[in-house]
Amino acid sequence: MFIHRRRGWEIPESQVTPEALFHRRALLGGVAGTLGAAAMVRPAAAWSLFDSKPKAPPAPLKPLSAPRNDRYPAGRAITPESAATTYNNFYEFSEDKSLVDEAQALKTSPWSIEIAGMVKTPRTLGLEDLLKQVKLEERVYRHRCVEAWAMTVPWIGFPLADLVKLAEPLGSATYVKFTTLADPKTMPGLHKPWYPWPYTEGLTMQEATNDLAFLSVGLYGKVMPPQNGAPIRLNVPWKYGFKSAKSIVKVEFTDQRPKTFWEGLQASEYGFWANVNPAVPHPRWSQAEERLIGTDEMVPTKIWNGYGEFVAAMYTDKTGERLFA
Ligand SMILES: Nc1nc2c(c(=O)[nH]1)N[C@H]1C(S)=C(S)[C@@H](COP(=O)(O)O)O[C@H]1N2
Ligand SMILES: [Mo]
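Keep in mind it's a predicted model, so treat the numbers as computed, not measured. (Residues numbered from 1 in each chain as written. Chains lettered and ligands numbered in written order. Predicted model: local features only at pLDDT ≥ 70, side-chain atom pairs only at ≥ 80, totals over all residues. Heavy atoms only, no water.)

### As for the packing of aromatic side chains
- Scanning all chains against the criterion turns up 22 aromatic pairs.
- In this structure, Arg142 packs its charged tip against the face of Tyr307, placed 4.3 Å from the ring centre.
- The cationic tip of Lys243 hangs over the ring face of Phe272; the distance from NZ or CZ to the ring centre is 4.3 Å. (Phe/Tyr/Trp six-rings, centres within 6.5 Å; stacked < 30°, edge-to-face > 60°. Lys NZ or Arg CZ within 6 Å of the ring centre and 35° of its normal.)

Encoded structure:
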C-alpha cells in the first residue's frame with residue numbers, strides 16, 4: 001500500500017494521504033509530537049504488519065427500498081453501483097481505496113447509537129428501535145470528496161433532523177458531534193497511532209437540522225455495505241466528503257465546536273466547515289474540477305456542491321470563518 005500508482009488524476013489523492021503527511025512531517029522533524037515511540041523506530045514494519053490480514057469476499061446485501069424524494073435533483077447520472085461500492089475512503093480499514101474486502105470484518109449487528117451530552121435524557125438507542133421511529137426515503141445526492149473525485153448515489157435513509165428531534169437536545173446545545181466505531185479487533189487502521197482515533201465529525205445544530213443533512217442506512221436499493229459506512233452513516237452533500245462520517249456509534253450534543261478527525265490530523269488543510277467551493281483551492285491542489293468515479297469524466301465543481309439554494313443562507317452571518325476548506 002505504500003506504492004502509489006500515479007495516473008494524472010491520482011495526484012491529489014496521493015498527496016492527500018496521511019502517509020504523505022507522515023513522511024513530510026518526519027522530514028521536517030515534527031514526528032515526535034505525532035507518533036508513538038514504537039512507530040517512530042520502524043514505522044514501515046509496524047504498519048505493514050497490520051495490513052496482512054486475510055481478506056473476506058463481500059457478502060450479498062439485503063434489498064431495502066424506500067420512496068424517492070425528488071426535492072433535490074442531482075442533475076447528473078447515477079454513478080455505477082460497482083464504482084461507488086468499490087472505491088472507498090474508510091481509514092479505519094485502510095488508506096487504500098480498495099478496502100472492500102477488509103471492510104467485511106465490520107460487525108454491524110447488534111448496533112446501537114449513544115445519544116449523549118446536552119440532551120434531556122442521555123441514552124443508548126438500538127438501531128432497530130431507531131428505524132421504527134423514522135420514515136425511510138431515497139435521495140440521490142452528489143458526493144464530492146476533498147481529493148477532487150465525485151459520485152452520485154441513491155442513498156436510503158432519513159433526515160438527521162429526525163434523530164435530533166428524538167434526541168431532545170437542550171436549547172443550549174449549538175453543535176452535534178458524531179463518533180465512528182473504533183474497534184481495534186476488526187479495524188486495522190486503529191493500530192496506526194498517528195491518527196487521532198476515533199474518527200469524529202461535527203456540524204452546527206443549524207446544519208444538522210437542515211433538511212439536506214441525511215443519515216443513510218442503504219444505497220442502490222440495498223442495505224448499506226460495510227465499506228460505505230454500514231449500518232448508518234451521514235451524508236452532508238454540500239460539504240467535502242470527509243464530513244460524512246461512517247458507521248456512527250455516538251451522537252453528542254454540545255456547546256463547544258468539536259475538533260474533528262481531519263482537523264486533528266492537519267487543521268490547515270481540513271477545517272471544521274469544509275463547504276465545497278471550486279474557487280478555494282486546497283493548499284496542495286485545485287478544487288475547480290472533479291473526476292466522476294466510474295467514467296473518469298472531469299466536470300466543473302459547483303459552489304456548495306450545487307446545493308446553495310438550500311444551504312447558503314446558513315453562512316451569511318459567518319464572516320471571518322474559513323468556510324470552504
Ligand atoms: N469513519 C469514517 N468515515 C468516513 C471516512 C473514514 O475514513 N472513516 N472517510 C470520509 C471520506 S474522506 C469520504 S470521501 C467518504 C467516502 O464515502 P464512500 O466510501 O461511501 O464513498 O466517507 C467519509 N467518512
Ligand atoms: Mo473524502
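### Details of the nonpolar core
- By size, the foremost hydrophobic cluster in this structure holds 84 residues, and its most contacted members are Leu160, Trp238 and Phe253.
- When residues of this core are assigned to their parent elements, the largest contribution, six residues, is made by strand 4 (residues 149-159).
- Beyond its immediate chain neighbours, meaning those up to four positions away, Phe253 contacts Ile115, Ala116, Gly117, Met118, Val119, Val164, Ala167, Pro169, Ala173, Tyr175, Val176 and Met205. (Core = buried A, V, L, I, M, F, W, Y, C linked by side-chain atoms within 4.5 Å. Buried < 20%, exposed > 50% of the residue type's maximum accessible area, 1.4 Å probe, protein only. Helix = DSSP H or I, 4+ residues; strand = E, 2+ residues; numbered from the N terminus. Contact = heavy atoms within 4.5 Å.)

### Looking at empty space enclosed by the protein
- Applying the stated criterion to the full structure yields four cavities of 30 Å³ or more.
- In terms of lining residues, the largest cavity is bounded by 24 residues, among which Asn89, Phe90, Tyr199, Gly241 and Phe242 are the most central.
- Across the lining of the largest cavity, the residue classes tally to 13 nonpolar, seven polar and four charged. (1 Å grid on protein atoms, 1.4 Å probe; cavity = no way out; pocket = protein on both sides within 12 Å on 5 of 7 lines; lining within 4 Å. Points joined across faces, edges and corners; volume = space filled by probe spheres on them. Nonpolar A, V, L, I, M, F, W, Y, C, P; charged D, E, K, R; others polar.)

### Some details on the site of ligand 1
- Surveying the vicinity of ligand 1 reveals 19 residues, the closest of which are Asn88, Tyr91, Glu92, Ser244 and Lys246.
- Contacts to ligand 1 include Asn89, whose backbone N or O atom sits 3.3 Å from a nitrogen atom.
- Between Lys246 and ligand 1, the recorded distance is 2.6 Å, taken from a side-chain N or O atom to an oxygen atom.
- Surface burial for ligand 1 is 99%, taken as the share of its 530 Å² of free accessible area covered by protein chains. (Near = heavy atom within 4 Å. Polar contact = N/O pair within 3.5 Å; in protein donor to acceptor, adjacent residues only side chain to side chain. Areas by Shrake-Rupley, 256 points an atom, 1.4 Å probe, with all protein chains shown as cover.)

### Describing the environment of Ser109
- By the secondary structure assignment, Ser109 is in the loop between helix 6 (100-103) and strand 1 (112-117).
- For Ser109, a relative accessible area of 56% corresponds to the exposed category.
- Counting along the chain gives 121 residues from Ser109 to Ala230, while the straight-line C-alpha distance between them is 9.9 Å.

### Quick notes on the pattern of salt bridges
- By the definition in use, this model includes 18 salt bridges.
- Where salt bridges share partners, they join Arg71, Glu137, Arg139 and Asp211 into one cluster. (Salt bridge = Lys/Arg side-chain N within 4 Å of Asp/Glu carboxyl O.)

### A look at the sheet that holds strand 10 (residues 248-254)
- Across the sheet, which stays open at both edges, the five strands sit in the order 2-1-10-5-6 with mixed pairing between neighbours. Two strands close off the open sheet at either side, each with one partner strand: strand 2 (123-126) and strand 6 (200-204). Neighbour to neighbour, the strand axes of the sheet diverge by 20 degrees on average, direction disregarded.
- Sheet topology note: the strand 5 (residues 175-180)/strand 6 ladder contains five bridges and is antiparallel. Directly across from Phe178, in strand 6, lies its bridge partner Glu201. (Pairing = 2+ DSSP bridges. Axes fitted to C-alpha atoms, helices over the stretch in contact; angles between N-to-C directions.)

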